[in-house]
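# Geometric and topological summary
Residue strings, one per chain:
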Amino acid sequence: MALKCGIVGLPNVGKSTLFNSLTNAKAQAANFPFCTIEPNIGIITVPDERLIELEKIVKPQKVQPTTVEIVDIAGLVKGASNNEGLGNKFLGNIRETDAIIHVLRCFDDDNITHVDTTVNPVRDKETIDIELQLKDLETIESRIGKVQKLAVAGKDKDAQKAFDLMSRYRDALQRGESARTVELRNEEEQQIAKELFLLTNKPVLYVCNVDEASAANGNAHVEAVKKAIANENAEIIVVAAATESEIAELETYEERQEFLEAMGLSESGLTKLIKSAYRLLKLETYFTAGVKEVRAWTYKQGMTAPQTAGIIHSDFERGFIRAEVIKYADFLKYGSEASVKEAGKMAVEGKEYIVQDGDIMHFRFNV
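## Focus on a negative patch on the surface
- A contiguous patch of negative charge on the surface is contributed by D108, D110, D211, E212 and E246.
- Note on placement: E212 falls in the loop between strand 6 (204–209) and helix 7 (220–228).
- When its relative accessible area of 43% is taken as the criterion, E212 is described as partly exposed.

Laid out in structure tokens, this is it:
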């Protein structure tokens, strides 16, 4: 399952610079609004040290990490919900993503203009929140009338449930709150919410873009953002996008690590971002390991063995018989699949097994 994240923010906050540092792509980064007219798309591999260790043991012909698709979306301005700036084009691009990476400018630099003249990341966050909320309110208003008629008639229970949820969404949006603040009561409401495709229902990862000196410990702007999002179910990380872009240009892993250590950092912005996105979306990784290929697979927490098998191919899920499971720690300890079996550490699991992060899976199926 491919994860797709959209990088959003006001113009000149560092979106394209962050995108470039993540993907080594060369999206235009310029000191004026709307330099990114079409969304730039980059595919980045998910850093996972466990793949390196598995490669040492298995010595496969190929190693295939899992990936994340990053979309750099054009800058938003006040009034986008009414098609100001790039308006609906921007909002349409967000709708297609699994999660929003919201970049906030948390650095002062007189040489880089700000659309609102002063640096205030909390105000910037509210600007984008309002535009997305207004667009979601428009979506609700366009659909609630029809389900209300069916609900009032009293004959359509599905319409009654939809109307109830839409009413709660409308109330929240009118109060200036995002759709994600509305608590979903059951699986039926979760399905209704999914079909509404509300922008403010998407999980958000806030990226505080700081100067190099603030990369390790943040600054006053970062603290203000943390306070502003304290009641949100969101992730927040601090990244010096311009510096990360420089690090991305270095040739070797050793050079990049030396640069990070000199800044007082233990891991790159890319690694922090991916880990945060996985936590936000409740994603985990399992592995398949053989001589031909060692591969990482992304799945949702709580998925069963047949469901995770289906990520490889639908036939695996349809014809699932059982899964042979080795814990990553056991694989490292015993050094081979044969030794794991001999030690009695390979488990044979059925359809009800809930896959755990780091599991090494071998699926048996028959179609």
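## Let's talk about unusual backbone geometry
- One non-glycine residue, N12, lies in positive phi territory at about 65°.
- Residue position: N12 is located in the loop between strand 1 (3–8) and helix 1 (15–23).
- Although it is not a glycine, K282 adopts a positive phi angle of roughly 55°.

## So, the pattern of salt bridges
- All told, the structure shown has 23 salt bridges when counted by the stated rule.
- Note that E337 and K341 form a salt bridge whose closest N and O atoms lie 3.6 Å from each other. Taken together, the positions of E337 and K341, both in helix 14 (residues 337–342) and four residues apart, correspond to about one turn of that helix.
- You can call E337 partly exposed: its relative accessible area is 32%.

## Things to note about the confidence of the model for the protein
- Confidence along the protein averages 86 in pLDDT terms, with 90% of residues attaining 70 or more.
- In this model, residues 26–37 is a region of pLDDT below 50 whose contacts with residues beyond four sequence positions or in other chains number 35 contacts.

## Notes on the layout of surface pockets
- A volume near 1,400 Å³ is recorded for the largest pocket.
- Listed by contribution, the elements that provide at least two residues to the lining of the largest pocket are helix 6 (187–196) and helix 10 (269–281).
- No other element matches the four residues that helix 6 contributes to the lining of the largest pocket.
- Looking at the lining of the largest pocket, its residues break down into 14 nonpolar, five polar and 10 charged.
- Approximately 890 Å³ is the volume found for the second largest pocket.

## Regarding the environment of I7
- Tracing the chain through its elements places I7 in strand 1.
- Distance from I7 to V207, taken between C-alpha atoms, is 9.5 Å for residues 200 residues apart in sequence.
- Setting aside residues no more than four positions away along its own chain, I7 makes contact with K15, L18, F19, L22, I70, V71, D72, I73, I101 and V103.

## Here we look at the sheet that holds strand 6
- Spatially, 2-4-1-5-6-7 is the arrangement adopted by the six strands of the open sheet, whose pairing is mixed. The outermost strands of the open sheet, each flanked by one partner alone, are strand 2 (40–45) and strand 7 (235–239). The sheet shows a mean angle of 25° between the axes of neighbouring strands, direction not considered.
- Looking at chain direction, strand 1 and strand 4 (residues 67–72) are connected through five bridges and run parallel. The residue of strand 4 that forms the bridge with I7 is D72.

## Points about the pairing of strand 6
- Where burial is concerned, most of strand 6 is hidden: six out of the six residues are buried.
- Of the two faces of strand 6, the one carrying V204, Y206 and C208 and the one carrying L205, V207 and N209 are both buried.
- Two elements, strand 5 (residues 99–105) and strand 6, share six bridges in a ladder whose sense is parallel. When the bridges of strand 6 are listed, H102 appears paired with Y206.
- When strand 6 meets strand 7, the two strands line up parallel, connected through five bridges. Bridge pairing links L205 to E235 in strand 7.
- Crossover connection from strand 6 via helix 7 to parallel strand 7: handedness right-handed.

## Concerning the side chain of T298
- If you trace the backbone, T298 turns up in strand 9 (residues 293–300).
- Judged by its relative accessible area of 2%, T298 falls in the buried class.
- Here Y278 takes part through its side chain, which lies 2.7 Å from a polar atom of the side chain of T298.

Reading the values: rules and limits
Residues numbered from 1 in each chain as written. Predicted model: local features only at pLDDT ≥ 70, side-chain atom pairs only at ≥ 80, totals over all residues. Heavy atoms only, no water. Patch = residues over 30% accessible without salt bridge, like charges linked within 9 Å, V, L, I, M, F, W, Y side chains within 5 Å. Areas by Shrake-Rupley, 256 points an atom, 1.4 Å probe, with all protein chains shown as cover. Salt bridge = Lys/Arg side-chain N within 4 Å of Asp/Glu carboxyl O. Lys, Arg positive; Asp, Glu negative; His and termini not counted. Charge placed at Lys NZ, Arg CZ, Asp CG, Glu CD. Helix = DSSP H or I, 4+ residues; strand = E, 2+ residues; numbered from the N terminus. Buried < 20%, exposed > 50% of the residue type's maximum accessible area, 1.4 Å probe, protein only. pLDDT = per-residue confidence, 0-100. Contact = heavy atoms within 4.5 Å. 1 Å grid on protein atoms, 1.4 Å probe; cavity = no way out; pocket = protein on both sides within 12 Å on 5 of 7 lines; lining within 4 Å. Points joined across faces, edges and corners; volume = space filled by probe spheres on them. Nonpolar A, V, L, I, M, F, W, Y, C, P; charged D, E, K, R; others polar. Pairing = 2+ DSSP bridges. Axes fitted to C-alpha atoms, helices over the stretch in contact; angles between N-to-C directions. Right-handed = clockwise from strand over helix to strand, strands pointing away. Polar contact = N/O pair within 3.5 Å; in protein donor to acceptor, adjacent residues only side chain to side chain.

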